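# Survey of secondary and tertiary structure
Residue-level listing of the chains:
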Amino acid sequence: MSTPQPLADTWFTRDLPVLRAIVRLIDEPPHGSAPYLGAVVPASGLPKPQVVSAANALVTAGYAEALTNHAGEIVRFTAVSGEARRLTGLWPTPQSEWDRLLEQADARAAGAMTDVERDRWRAFADAAAAIGPDDGALLMSALIGGYVPRAR
């Protein structure tokens, strides 16, 4: 008996490009925030059969909501989830915001007007980098979510 092989990955090659196209079109006014499947096909750069398969997978997974015709085929997209917005970069993630904070600290150090200011920003950037991406993402998660513990 042979061991079944895992299915080929479709997330990066099919589903994510279609999700990006859907999110981009939903967020643009010309489509009335509810783009037709026909607009998603050229926006994704993939052939229609792949877009249809990806669209069905994305709706089933809860990343997108769609209107269907009587045959159950997707006609139009009406909404996307918050997770879809985060996965496509439209909304922040703790990791992306941590990276932005590190970039800003480095940029502030590089553009400082005085040696004292430069040293302070450099110390801040070094301390932030020393915290590491895991703890940094936890901190940013609390900040993005609006929860920052207060001292008693």
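Please refer to the structure higher up on the page.
Residues numbered from 1 in each chain as written. Predicted model: local features only at pLDDT ≥ 70, side-chain atom pairs only at ≥ 80, totals over all residues. Heavy atoms only, no water.

## Some remarks on the side chain of E97
- Along the polypeptide, E97 turns up in helix α5 (residues 94–110).
- Note on E97: relative accessible area 18%, which makes it buried.
- Look past the residues within four positions of E97 in its chain and what remains in contact with it is P92, M140 and I144. (Helix = DSSP H or I, 4+ residues; strand = E, 2+ residues; numbered from the N terminus. Buried < 20%, exposed > 50% of the residue type's maximum accessible area, 1.4 Å probe, protein only. Contact = heavy atoms within 4.5 Å.)

## A short note on the environment of L25
- Structurally, the position occupied by L25 is in helix α1 (residues 11–26).
- Put simply, L25 and M1 are 24 residues apart on the chain and 47 Å apart in space, counted from C-alpha to C-alpha.

## Thoughts on helix α3 (residues 48–60)
- End to end, α3 covers 18 Å across 13 residues, agreeing with the expected 18 Å (1.5 Å per residue, within 8%).
- The complete set of buried residues in α3 reads V51, A54, A55 and L58. Looking down the long axis of α3, one finds its buried residues gathered within 105° of arc, a one-sided arrangement. Structural note: α3 exposes P49 and T60 on the side pointing more than 90 degrees away from its buried face.
- Where α3 is buried, its residues meet α1, α2 (37–44), β1 (64–68) and β2 (74–80).
- G62 occupies a position one or two residues after α3 and carries a positive phi of about 90°. (Expected span 1.5 Å × (residues − 1). Arc of directions from axis to C-beta.)

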